[in-house]
Amino acid sequence: MVLRGILDADSPDELSRHQRLLILYSVGLVAVILLYTLLYNTGMRTLEGEPHTIFRSFQTVVETMTTTGYGADSPWSTPWMNVFVVLMQLSGIAIGFFTLRLLVIPLFERTSFDLASRLTSKDDHVVICEYRRDSGTLLDELERLGIDYVLIDSDDEEAQRLSDDGYQVINGDPEEAATLERAMIDDAALVITDAGDRNASIVLTALDLNPDLRMVSLTESASQNRALTEIGVDTVVSPHSLIGQRLAHKATAAVEVSEGTSIGEDIEIRELLVRHESPIHGTAVRETPFFTHPNLTLIAGWFEGELRLPPAPTDRLTRNTVLLVAGPPDVIDEVRTEVSGIRSSRGHTNVVVAGYGEGGQAAIDTLSNDVSITTIDHEDHEGVDVVGDVGDPETLLAAGIEDATALIVTVDDDATALLTIALARSLTDGIEILVRVTSDEKVHTAFNAGADYVLSIQQATARLLAREIYGEDVVSPLGQIRLVRTDAASFTDQTIEEANAEAETGWVIVGVEHDGTMQTDETTRIATDDTVLVAGTDTMIQKFEQETAGS
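Residues numbered from 1 in each chain as written. Predicted model: local features only at pLDDT ≥ 70, side-chain atom pairs only at ≥ 80, totals over all residues. Heavy atoms only, no water.

Enquirer: Would you mind showing me how to read helix H5 (residues 135-144) here?
Expert: The periodicity of an α-helix, 3.6 residues per turn, causes residues three or four places apart in sequence to face the same way. Of all 10 residues in H5, 7 are buried, a share of seventy percent or more. The opening residue of H5 is Asp-134, an N-cap whose side-chain oxygen sits 3.1 Å from the backbone nitrogen of Gly-136. Backbone geometry just downstream of H5 places Gly-146 in the positive-phi region, at approximately 70°. (Buried < 20%, exposed > 50% of the residue type's maximum accessible area, 1.4 Å probe, protein only. Helix = DSSP H or I, 4+ residues; strand = E, 2+ residues; numbered from the N terminus. Polar contact = N/O pair within 3.5 Å; in protein donor to acceptor, adjacent residues only side chain to side chain.)

Enquirer: Looking at this structure, I do not really get the pairing of strand E9 (residues 297-303). What am I missing?
Expert: Side-chain direction in a regular strand flips from residue to residue, so the side chains alternate between the two faces of the sheet. With respect to burial, E9 is a largely interior element, 7 of its 7 residues being buried. In this sheet, strand E11 (residues 322-327) lies alongside E9 in antiparallel orientation, the contact comprising 5 bridges. Its bridge partner being in E11, Thr-297 is matched across the sheet by Ala-326. Pairing of E9 with strand E10 (residues 306-308), which is carried by 3 bridges, proceeds in the antiparallel orientation. Bridging across to E10, Gly-301 finds its partner in Arg-308. (Pairing = 2+ DSSP bridges.)

Enquirer: Honestly, the packing of helix H15 (residues 414-427) against helix H16 (residues 441-449) in this entry has me stumped. Any pointers?
Expert: The relative placement of two packed helices comes down to the angle between their axes together with the axis-to-axis distance. Two numbers describe how H15 lies on H16: the axes approach to 8 Å, and their chain directions differ by 20°. One finds that H15 runs roughly parallel with respect to H16. Our pair here, H15 against H16, has a crossing hand that is right-handed. Contacts from Asp-414, Leu-418, Ile-421, Ala-422 and Arg-425 of H15 reach H16 at Lys-442, Thr-445, Ala-446 and Ala-449. Looking at the contact of H15 with H16 residue by residue, the class counts come to 5 nonpolar, 1 polar and 3 charged. (Axes fitted to C-alpha atoms, helices over the stretch in contact; angles between N-to-C directions. Parallel < 35°, antiparallel > 145°, perpendicular 65-115°, else oblique. Left-handed = near helix turned anticlockwise from the far one by under 90°. Contact = heavy atoms within 4.5 Å. Nonpolar A, V, L, I, M, F, W, Y, C, P; charged D, E, K, R; others polar.)

Enquirer: What is the right way to read the confidence of the model for the protein from this model?
Expert: Note: predicted coordinates in regions of low pLDDT should not be interpreted at a detailed level. Per-residue confidence for the protein averages 81 on the pLDDT scale, and 84% of its residues sit at or above 70. Contacts for the low-pLDDT stretch residues 1-12, under 50 throughout, to residues beyond four places or in other chains number 14 contacts. (pLDDT = per-residue confidence, 0-100.)

Enquirer: How should the side chain of Thr-395 be read in this particular structure?
Expert: Relative to the assigned elements, Thr-395 resides in helix H14 (residues 393-398). Thr-395 gets classed as buried once you look at its relative accessible area, which sits at 8%. Discounting chain neighbours no more than four positions away, the residues touching Thr-395 are Ile-376, Val-386, Gly-388 and Asp-389.

Enquirer: Mind showing me how you'd approach the nonpolar core here?
Expert: One recurring pattern in soluble globular proteins is that nonpolar side chains are buried together. Formed by 47 residues in total, the largest nonpolar core has its most connected members in Ile-128, Leu-142 and Ile-192. In this structure Leu-142 touches Ile-128, Ile-147, Tyr-149, Ala-466 and Ile-469, once residues within four positions along its chain are discounted. Formed by 35 residues, the second largest nonpolar core is a distinct cluster that contains Ile-299, Ala-363, Val-384 and Leu-483. (Core = buried A, V, L, I, M, F, W, Y, C linked by side-chain atoms within 4.5 Å.)

Enquirer: Please clarify how the environment of Ser-154 should be interpreted in this entry.
Expert: When you line up the elements, Ser-154 lands in the loop between strand E2 (149-153) and helix H6 (156-164). Residue classification places Ser-154 among the partly exposed residues on the basis of a relative accessible area of 39%. When near neighbours in sequence (up to four residues on either side) are disregarded, Ser-154 contacts Glu-130, Gly-172 and Arg-198. A distance of 2.6 Å separates the side chain of Ser-154 from the side chain of Glu-130, its partner in a polar contact.

Enquirer: Where do I start with the side chain of Lys-122 in this structure?
Expert: Note that Lys-122 resides in the loop between helix H4 (79-108) and strand E1 (126-129). According to the relative accessible area criterion, Lys-122 is buried, its value standing at 8%. Within the local environment of Lys-122, its side chain forms a polar contact with the side chain of Gln-168, the two groups lying 2.8 Å apart. Each residue touching Lys-122, except ones within four places of it in the same chain, is listed here: Asp-148, Tyr-149, Val-150, Gln-168, Met-184 and Asp-187.

Enquirer: So what exactly am I meant to see when it comes to the sheet that holds strand E16 (residues 406-409) here?
Expert: Within a sheet, neighbouring strands are paired by backbone hydrogen bonds and run either parallel or antiparallel to one another. Taking strand neighbours across the sheet as the criterion, the 6 strands line up as E15-E14-E13-E16-E17-E18 in an open arrangement whose pairing is parallel. Strands at the two margins of the open sheet, each flanked by one partner only, are strand E15 (386-387) and strand E18 (453-456). As defined by bridge partners, E16 adjoins strand E17 (residues 432-437) across 4 bridges and the pair is classed as parallel. Bridging from a neighbouring strand, Leu-407 pairs with Ile-433 of E17. Sheet strands in contact with helix H10 (residues 239-251) are E16, E17 and E18, and its direction is about 170° off that of E17.

Enquirer: I tried to follow the sheet that holds strand E5 (residues 214-218) on my own but got confused; where do I start?
Expert: Across the sheet, which stays open at both edges, the 6 strands sit in the order E3-E2-E1-E4-E5-E6 with parallel pairing between neighbours. Two strands lie at the open edges of the sheet, namely strand E3 (169-171) and strand E6 (235-237), each paired on one side alone. If you compare each strand with its neighbour and ignore which way they point, the axes differ by 20° on average. Bridge count for E2 against E3 is 3 bridges, and the pairing is parallel. Counterpart to Ile-152 in the pairing with E3 is Ile-170. Each of E2 and E3 is contacted by H6, which is oriented at about 155° to E3, the strand it contacts most.

What follows is the structure in structure tokens.
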């Protein structure tokens, strides 16, 4: 991996200190040998009176420096040549020791030198203080986005493994100022902490060294959020709560139609779930019939739990993707029939939540008041409706699984989650199962067990952090999508396609009402007296209404 780093580096600034040292060492060694060769050749000719070729001088120098012998030239008669040969012998021993320390020992004893020597030059980078999920997943996401970082890992073996794999990682205790200084904290722009109860200590130490840092902390419980905010943390993320909220949001109605706004009998908005067996799984949005059909408008899409409104043409559909499509019902049905592995998703009014921990409580808090909720947990405490093992079919039946339209699984153990999925699917085929798993490796297994929608804490957290670092605006998946009708004067003489191409991220024109008829064909040209139907997030719709009102 070091060789790969050397070959991939575009400039000396991108080489690590260890790599630069190796290059300097190699150049210096060659220079010393060449200098000794010239001096020895000159000395033999002028002092000893025994001229010979430069190649023989080179051989004698190498033999002397490596202590393998002195050839046919020994002994030497002049004092200066003897002194010179002794100097070569001593420098050969010193160079041999340096080679052993720099190259040989690190090769066989992998932790014998400071991992900080492998770091490339940093400026405005991210310092990650511990990461108790899958470090590789996060680091891969950062490298994909071209974000410079240093990960501090207190586990020496794990830090060494990641460093050997080419990641920018050092070992040490992030609570210690010396460790943060090795991570070049003075030049950093952002610090991420994921060290449990040690988060506060790390934050305070980091801010003491660099008060201008932006701080992000990951916690297992939202109860710590206020305390961390008080000491200077800018953003606090609770992954379990976040995933619970996203699963709950997915289980409820996605679109709120503003009062007085009629979609019309000819237009519907539907959620379409891309199942894992669908042929369009893995394809780009622009290659799907929902994007290319002239009478359909692709409003939004949930990609790995992240809402994108509207989706970019290059976004690829995963087996978790849910598309929000507007258009005539018969056209939606026709296209959905053409593409196998696509089924309509719907808002649910009867939901069973398996697991009443941090994630389960967050899911319940997110569900709307008109949703009937039944909770299951293995411990009896306030808020639990059915006490029992979610891996027992009797427990699921007691919770009314046969009458429920959705099951949200937020248990802490992946094996238990997979068993719950399989049992629920065997008891009722019509239920929609939304699941949280810890490991990315279990996502595929959860789909095979019968889940409809799966979010991995590892992947979702890594992507959230990467986008937070990258500074890219992320549309909150918890924000309601609103549908409003507004005057079309701002879009006069434009087609729907042209207007949407110029639109900001966060809203999209669904259709145009002309002479009492709603049209969704993207080639429809908008007239001054028309009315446009616009879908967007709460924030973007408010901004849109302010801009159109002022124009």
